Amino acid sequence: MSQDRTTPASVVSLEELSSWPEELCRRELPSVLPRLLCMYQHSDSWIEHIQLLKVIVEMFLPHMNHLTLEKTFFSQVLPKTVKLFDDMIYELTSQARELSSQNLEIQSTLRNILQTMVQVLGALTGCVQHVCATQESIVLENIHSLPSSVLHVIKSTFVHCKNSESVYSGRLHLVSDLLQALFKEAYSLQKQLMELLDMVCMDPLVDENDDILNMVIVIHSLLDICLVISSIDSAFHANTWKFIIKQSLKHQSVIKNQLKHKDIITSLCEDILFSFHSCLQLAEQMTQSDTQDNADYRLFHKTLKLCRFFANSLLHYTKEFLTFLSDSCCTLHQLYLQIHSKLPPSLYATTISKAQQEEIAGAFLVTLDPLITQLLTFQPFIQVVLDSKLDLPCELQFPQCLLLVAIMDKLPSQPEDVQVLWCTESQLSEATARVSLLKAIFYSFEQCAGELSLPVRLQGVKSKGQAQVAVTLYQHVCVHLCTFIASAHPSLFPELDAALLNAVLSTKMITSLLAVDAWCFLARYGTAEICAHHVTIVAHLIKSCPGECYQLTNLSILLRRLFFFMGPPHQVEFIQKFSPKEAENLSLWQYISFQALSADLRKQTADEVTRTGTTQCREWLSSGRTLGELESLNTALSALLTVCNSAGEALDIGQQTEITEVGSQLWAFLNKQVTGQPYVQQTFSLLLPLLGFFIQTLDPQLISQVLTLQTSLLKLEPPDHTCLAVLDFVSSLGKLFIPQAIQDKILPNLSCIFALLLADRNWLLEQHTLEAFTLFAEGTNHEEIVPQCLSSEETKNKVVSFLEKTGLIDETDAARVERVKQERGIFLEPFVNTTEAARWSSLQPCAKRARHEPALEEEYRAAVQTAAGALEAIELLLQKSPAPDWLLMKMVVLQGKIQKLKRCSL
């Protein structure tokens, strides 16, 4: 019987082969397999293809030598199988548009193709199961065609299923059962293949061979599948990622140089963000709905768990392959920023409940912190985070600030070389320049204008015995910055000093104040010698400033605050080094609060500053009185004002009288020039509060003159500092009893001044005016003047709202956040667009000039009369005929010359 069956083996049909017993298949394998393979290669029928494939796999594959499977079977059959499968996919896609319930022929054709595809997947599953069952340890080279072919078919299947709605349009229900079967078969096939691949062993001593390349191809193919199934089946997607990470780590030593690490990191980060956004969307929906849907809540937790899984996978992969992630640092950086931009307290956060926010933080955000810790020592990451050309959109500026602060917190526990890397600037080339961490923190901080103005609240630092409270962004950065200063390595102090000084000199006041606060902490935390040394340096910087500028203002604030931290011995040394007896040192003493000195030193220093300041004023009055010398006069007045404000009780009657007399003499000279000379208005702004300090002893006639001039000056819209000085003076009149004989001269001007300033639209002046008016109204004996100051209903409402501490605009929290976001562009505009020289050029007087001799007075009169006559002639011509086109430009030029002459004259 055996002989009978053997003889016709070359011509036996597929049906008969399917019924052969196992022993016969094993014995006839050498003769039958070549024929079957030949038939398979030359067959044009899909049906015949699948029949042949099933017969080979089911009947003869179990009897093949597993060491020669690749050569005898897989390499000959699988390429044709893949092509067959691709052809069927193409046919499905091409004919799907004609599918309808009426077109039974197309419907039958497409269903037959899908059934055939399911059978192909089943046959491939048989191949994989056979390899798994017959080998304990698999060498990939012996089966390398199998994984690559199976993964290609699986990916094609998933892509087709994913696109099925668009491919089959509204007729999907006609084939949905078979598509579901197809997906399940591919799902099962991939699970079987992953079991097979888990059995693969690779020699770690071999640096490069076909096995390595094949495994790399497998991992990259699975990565491609992840991109397809991410939106189809989250659990399957996660399992696939789990397998990718597992195999990458298992064969790390041999495949690390060939893996596409950037693609893996990018895909992981994209999946993290996708699942995170899905989680936020679910949380937002639950927050907006009043009822708590258990299904939504379970889905939220499932998605959150997925977020955590992806984040842990990223953490694990990053840890093992860090040295290969140079070109992935930007992606990792953006991941951190994107996540924190969508969570409170970011202005761009999704609206979710506090409970859900805490759940996300506890389950997901905790994994980002160790990720940053892993990247701390990686120089490419440092370069990305501190890139000098880093240009982030508005919504990522706040997360960047949080990231930099988090990094700063971690640095003290790192080796010195790592701290130095982060805290020093580097410029290997223009394209790779990086700033220091501290400089980046100050820059990033000042970009958060919206978060600072609201302000947003962050979790405060825990302290023993005290409840943890929310803090503003300013407090958050300041506290962590001071903590870093206290624990930084000594070698970083030069960088720290430079960063603090640069920030103090910033154009943004909020940045300068932060640096001043940090510097003051350094002064308190450090030794008394360091504090004294810093005060001396700042004093020299102030004296070296060429003139009025924002840097001088910032340095003066720093000097004033640091002086309070100096010990008495060092204060004595400072007084000796920068003696107030010398006029050139008044530029320092005008900024120092005498309250920082002991009683004895305060009395001594106040006497010396008063004596030097009044002497300077008298010298100016007795000299040529040129406007070019007003700077020294301003300094003297400012120093005298500082003495009055911070050491007034130390002045005796004689010194008070001396200051009052000097002020009155200056007033008599300057009041004639103040309305036409912008630079004189600065002196006027210093003189007014000085006179206001001695308001109780001033001559009522002088007070009347001051108020009359102030009324005229305000109608010319003077600078803000002049208006503030006016307010300072008029508020001091609140407790002054004005004699009956002069009330008709003083009170009308006083009410007019308040009315003008209360109507001003400048928010800063408005606030100060409301405060000054309230102070005046509470203290004055002349109540009848108060209603006269409220010139309109709008002004009355403004004052009432201020007194009742109610806003004029009712704004919801959401509306306020939106307004702040819209205003952000304004806050980010450069504070200074021109150089300081250009900024002050319009205010500076002409160069020092000798006083005019009386002999030249007639020549001046003649020149002015000539100019006036020329202007009158032009006026007459304009009455007779239209002006030529060039006249307007010439008039503008003449006007500029007139302004220049005004600044040069007395």
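Just so you know, these numbers come straight off a predicted model, no measurement behind them. (Residues numbered from 1 in each chain as written. Predicted model: local features only at pLDDT ≥ 70, side-chain atom pairs only at ≥ 80, totals over all residues. Heavy atoms only, no water.)

Before going further, it helps to spend a moment on the overall build of the chain. The number of helices and strands found in the chain is 43 helices and 4 strands. Long-range pairs, those at least 24 residues apart, make up 75% of the contacts in the chain with a sequence separation of at least 6. On the chain, roughly 44100 Å² of surface is accessible, and the fraction owed to carbon and sulfur atoms is 55%. (Helix = DSSP H or I, 4+ residues; strand = E, 2+ residues; numbered from the N terminus. Contact = heavy atoms within 4.5 Å. Areas by Shrake-Rupley, 256 points an atom, 1.4 Å probe, with all protein chains shown as cover.)

Moving on to unusual backbone geometry. Residue Pro345 is reached from Pro344 by a cis peptide bond, and omega for that bond is 10°. Residue position: Pro345 is located in the loop between helix H15 (329-341) and helix H16 (354-363). For Ser169, which is not glycine, the phi torsion reads 50° and is therefore positive. Tracing the chain through its elements places Ser169 in the loop between helix H8 (164-168) and helix H9 (176-198). The backbone of Glu717 sits at a positive phi, close to 55°, despite the residue not being glycine. Examined against the element boundaries, Glu717 turns out to sit in the loop between helix H34 (700-714) and helix H35 (720-731).

Within the secondary structure, Lys242 is located in helix H11 (residues 234-250). A residue is classified by how much of its surface remains accessible, and Lys242, at 53% relative accessible area, is exposed. Residues Lys242 and Phe310, spaced 68 residues apart in sequence, show a C-alpha to C-alpha distance of 8.9 Å. (Buried < 20%, exposed > 50% of the residue type's maximum accessible area, 1.4 Å probe, protein only.)

Before going further, it helps to examine the environment of Ile360. Examined against the element boundaries, Ile360 turns out to sit in helix H16. For the pair Ile360 and His301, spaced 59 residues apart in the sequence, the C-alpha separation amounts to 9.4 Å. The contacts of Ile360, once residues within four sequence positions are left out, are Phe276, Cys279, Leu280, Phe300, Leu304, Leu343, Ile352 and Leu365.

Within the largest apolar cluster, 287 residues are counted, with the highest numbers of intra-cluster contacts made by Phe60, Trp422 and Phe729. The element contributing the most residues to this core is helix H6 (residues 104-134), with 14 residues. Apart from residues no more than four positions distant in its own chain, Trp422 is found in contact with Leu376, Phe381, Ile382, Val385, Leu386, Ile407, Leu411, Ser436 and Leu437. (Core = buried A, V, L, I, M, F, W, Y, C linked by side-chain atoms within 4.5 Å.)

As a further point, take the packing of aromatic side chains. Here the distance between the centres and the angle between the planes together describe a pair of aromatic rings. Under the definition given, this model contains 23 aromatic pairs. Taken together, a centroid distance of 5.3 Å and an interplanar angle of 45° make the contact between Phe73 and Phe74 tilted. The exposure class assigned to Phe74 is buried, which follows from its relative accessible area of 0%. What links up through ring pairs into an aromatic cluster is the set Phe563, Phe574, Phe578, Trp589 and Phe594. (Phe/Tyr/Trp six-rings, centres within 6.5 Å; stacked < 30°, edge-to-face > 60°.)

Considered as a void within the structure, the second largest pocket measures approximately 1200 Å³ in volume. Lining the second largest pocket are 30 residues, with His340, Leu365, Leu458, Gln459 and His476 positioned closest to its centre. (1 Å grid on protein atoms, 1.4 Å probe; cavity = no way out; pocket = protein on both sides within 12 Å on 5 of 7 lines; lining within 4 Å. Points joined across faces, edges and corners; volume = space filled by probe spheres on them.)

Two quantities define a packed helix pair, namely the angle between the helix axes and the distance between the axes. Look at helix H3 (residues 22-42) against helix H5 (residues 69-95): their axes get within 10 Å of each other, and the N-to-C directions meet at 20°. With respect to H5, the element H3 is oriented roughly parallel. In the crossing of H3 with H5, the sense of the turn from one axis to the other is left-handed. From H3, Leu33, Leu37, Tyr40, Gln41 and His42 reach across to H5, where they touch Thr72, Phe73, Gln76, Val77, Lys80 and Thr81. (Axes fitted to C-alpha atoms, helices over the stretch in contact; angles between N-to-C directions. Parallel < 35°, antiparallel > 145°, perpendicular 65-115°, else oblique. Left-handed = near helix turned anticlockwise from the far one by under 90°.)

Another point: the environment of Leu84. Its location among the elements puts Leu84 in helix H5. Linking Leu84 and Ile50, residues 34 residues apart in sequence, is a C-alpha distance of 9.5 Å. For Leu84, the contacting residues outside a window of four places in its chain are Trp46, His49 and Val120.

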